[in-house]
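# Observations on the model geometry
Residues per chain, in single letters:
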Amino acid sequence: MHDYAVALLFGAVIVVVFAWDQFNRPSYETSRELTRLVELLTPSRMRRRTVYWRAYSFYAGILLVVYATLCAYGSLLAPALGLQLPGLGSPPEIGASELPLLSRAAGEAAVSGYDPEAVVAQPQVLGRQGTRSGVSGNPAVPLFVSLVIVGLAPSVPILQRFEEKIRFGAHRLSGIPTRLVRGGRRLRMKPMNVGTAGLLIPPRDWQRLETYPLRAAEAGLSEAADFREDMTKVFAIRAWVLQERLSLGDSVARENLAQLEGELTHSINRLVFTLDTLSGFEAAHGAGAAIEPENLRAAWEAATKEAAQLCTDLCMLVMLYVEHGVLPTDDDAERLGWGAEPDAGAPDGARQKAEAERRLIRLLSDAARYVDRENVGIVVWVRATAAVLLVAFLYGVLGRPESASATGPSLAGGNPLALGFLLAMSAMLTYALALLVAISWQQSAYQSGAWPNPFTDHWVRWLPQLAGVFVMSGLAAAVCVVGYNIYATIATVGLEKVLANWSGVLFYAIAYEGPRIVLGPALGISLLLLIDAWRGGARGEVWLPRLPYFIGAVMFVLGAVSRLLVSQVAAGSATDFSLLSVAVLGRALAAGIVAGLIGLAAAIFVRATLRVEFARAKEPRSGDGALQPAE
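Numbering of residues starts from 1 in each chain and follows the order in which that chain's sequence is written. In keeping with the predicted nature of the model, local features appear solely for residues at pLDDT of at least 70, side-chain atom pairs appear and are counted solely at 80 or more, and the whole-chain, interface and lining totals rest on all residues. Remark: hydrogens and water are excluded; side-chain values derive from all non-hydrogen atoms of the structure.

Elements are defined by DSSP. Helices are runs of H or I of four residues or more, strands are runs of E of two residues or more, and each kind is numbered from the N terminus. Check the secondary structure of the protein chain and you find 23 helices and two strands. Using a 1.4 Å probe on the protein chains alone, a residue whose accessible area is under 20% of its type maximum counts as buried, one over 50% counts as exposed, and one in between counts as partly exposed. For the protein chain, the residues scored as buried account for 51% of the 631 residues in total. For the protein chain, the exposed surface amounts to about 28100 Å²; the carbon and sulfur share of it is 63%. Note on areas: these come from Shrake-Rupley sampling with a 1.4 Å probe, and a residue is covered only by the protein chains present in the view.

Written out as structure tokens, the structure is:
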């Protein structure tokens, strides 16, 4: 067992190192905004370090779950793939002599999922000497599985797509690169309103801003106003940021992005030279007149397109600097001394600087609030899952003084801490993946502008959406709890006997775990309604204070009813309610209380997170085009 544990840990380290290298690879298509920046920006530079580490932990955690699952099912997968590993022979006589039947004793023995009254710990495969045996205890298995993940995932198309989807989901949930792209779009869309002079922008650039649009209009350009706004942002950002006429922070972050700054500065100089030539500004005076009219218009159209792309790139650079603390928003303007009113006798330059700081802070704060709405997903999932695990753990430690199941002592051995960990693991199987699927679905649809809000839209629009989320998250929960039930049966009676009666084992696992499967999707849908109420304006605000208690009540009912149905299945009849007893009703009441507390705690955690951490980012917004994973 010691050798197996060492091999398991070593394999996990291999997977974590592999995850670190993979996670820093782009998982998104090179969109128009990223065409000239993606080669200079890795995902680790698109978000601040804390957010990046949180997203990496999420990605690595999923890969470790896959790794642990493959190790646990090694005895099933290795023979199926025709693999021969050292020590993989026929296992000795294992455990029980027959499969579970539809009886109370068998039902309680095969229990898995979240069941406070019938907890069975991680099952052990026991050989004749009473030690863990077979492939599950062979140290070759975790090493082989880890090398398969590292070696085959990047080269086998199906595995590569699976890994890429996980990476794309982790990137998307943490705002890589959506925060950068959408923040840049928002900045470009908002007018600067800087006037016609001053604000630390050089006088020659102001003259260019007057000359360029006039010459472009004379050449037949119909979007001269948009062109002027783009060039205003280009000149302002060049003066304020690239030329450091405003106070900037975090010099280390700027040094890391020095190459990007250099590329953008070169692009600005090239564009200005082209526009000077076309407009006849300064030394290039008269050059534009020598160009044929049809060629002149085409040249101006190409230049304005280049100006638009460069403006977007610069706006993305500004959002990147906001992310890394180089530029402030109104929440941390005091850190850099921005926005302070100059003294009455201050020179004109100081007044221009203060005004430029105030204008830029307004733009950056608006863009930051706008993109913060899209980072709700991963934070909500982490807080909700933490609440679920905390309630389950505390119930195991405090809520139940003994650790015996209905058919005998649990493998927790009477240790309340061990029982708490077992209940937390069971709760994770029931809730964690279902919540992740539900929240990820909502966030993806919301970012695409395709998520109708139940508090502002007609039920015909949002009901099918919620039904789809319920079904998909229910399938995710079913994979977890039914899969563990089957694994528990294999570990109890052996793989050969399970395969011999596969249909019966599968039917019993689905029948027994089916009632519990609804708990995860129900909590997921409830939390989505909570998020929608937070975003739903005045009507949502009416419901927001009440929803946690409503969610707790719904989860209490579902928990109690699901426990009753599980007891019926375990007793051999799902419809004969004459088998109910006071003990069964007591267990159902306890299960309902725990489920209700889980729902209440998760809802309160999520509501507090939305109100405190995202208080300024809840106003509704229209959708943008969504990035798609790279093929």
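Picking up where we left off.
Any Lys or Arg side-chain nitrogen located within 4 Å of an Asp or Glu carboxyl oxygen qualifies as a salt bridge. Counting across every chain of the model gives 20 salt bridges. For Arg-254, the salt bridge is made with Glu-261, and the minimal N-O distance between the two is 2.7 Å. Residue classification places Glu-261 among the buried residues on the basis of a relative accessible area of 11%.

Our next topic: helix α12 (residues 258–279). Each α-helix winds once per 3.6 residues, and so residues spaced three or four apart point in a common direction. The end-to-end C-alpha distance of α12 is 31 Å, a good match for the 32 Å that 22 residues give at a rise of 1.5 Å each. For α12, the set of buried residues is Leu-260, Glu-261, Leu-264, Ser-267, Ile-268, Leu-271, Val-272, Leu-275, Asp-276, Leu-278 and Ser-279. Just downstream of α12 lies Gly-280, where phi reads positive at about 75 degrees. Expected helix span is computed as 1.5 Å times (number of residues minus one).

To continue, consider the side chain of Arg-186. The residue Arg-186 is located in helix α8 (residues 178–189) in this model. With relative accessibility at 18%, the residue Arg-186 sits in the buried group. The contact criterion used throughout is that any non-hydrogen atoms of two residues lie within 4.5 Å. When near neighbours in sequence (up to four residues on either side) are disregarded, Arg-186 contacts Asp-366, Ala-367 and Tyr-370.

For the rest of this paragraph, the subject is unusual backbone geometry. The phi angle at Leu-199 is positive, at roughly 55 degrees, despite the residue not being glycine. Note that Leu-199 resides in the loop between α8 and α9 (203–218). The backbone phi angle of Glu-244 is positive, close to 60 degrees, even though this residue is not glycine. Secondary-structure assignment places Glu-244 in the loop between α10 (224–242) and α11 (251–256). Judged by relative accessible area, Glu-244 falls into the partly exposed class, the value being 48%.

This part covers the packing of aromatic side chains. Two aromatic rings from Phe, Tyr or Trp, using only the six-membered ring of Trp, form a pair when their centres are within 6.5 Å; if the ring planes differ by under 30 degrees the pair is stacked, by over 60 it is edge-to-face, and anything between is tilted. Under the defined criterion, the tally for this structure stands at 13 aromatic pairs. Here the aromatic cluster, defined as three or more aromatic residues joined through ring pairs, consists of Trp-20, Phe-23, Tyr-52, Trp-53, Tyr-56 and Tyr-59. Charge-over-ring contacts are defined here by two conditions on Lys NZ or Arg CZ: a distance within 6 Å of the ring centre and an angle within 35 degrees of the ring normal. Cation over ring: Arg-535 sits above Tyr-446, and NZ or CZ is 3.7 Å from the ring centre.

Right, let's get into the nonpolar core. Put simply, a nonpolar core is a bunch of buried Ala, Val, Leu, Ile, Met, Phe, Trp, Tyr and Cys residues held in one set by side-chain atoms that sit within 4.5 Å of each other. Residues Met-231, Trp-240, Tyr-431 and Leu-523 are the most contacted members of the largest nonpolar core, which totals 137 residues. If you tally residues by element for this core, the top one is helix α13 (residues 293–323), at 15 residues. Once residues within four sequence positions are removed from consideration, Trp-240 is found in contact with Met-192, Val-194, Leu-199, Leu-200, Ile-201, Arg-245, Leu-246, Leu-248, Ala-356 and Leu-360. Of all hydrophobic cores here, the second largest spans 18 residues; its members include Ala-72, Ala-477, Ala-478 and Val-493.

In the predicted model, the protein chain carries a mean pLDDT of 78, and 79% of its residues have values of at least 70. This stretch, residues 284–289, has a pLDDT under 50; its non-local contacts, to residues over four places away or in other chains, come to eight contacts. pLDDT expresses how confident the predictor is about each individual residue, on a scale running from 0 to 100. Note that pLDDT drops below 50 for residues 620–631; the model gives that stretch 38 contacts with residues more than four away or on any other chain.

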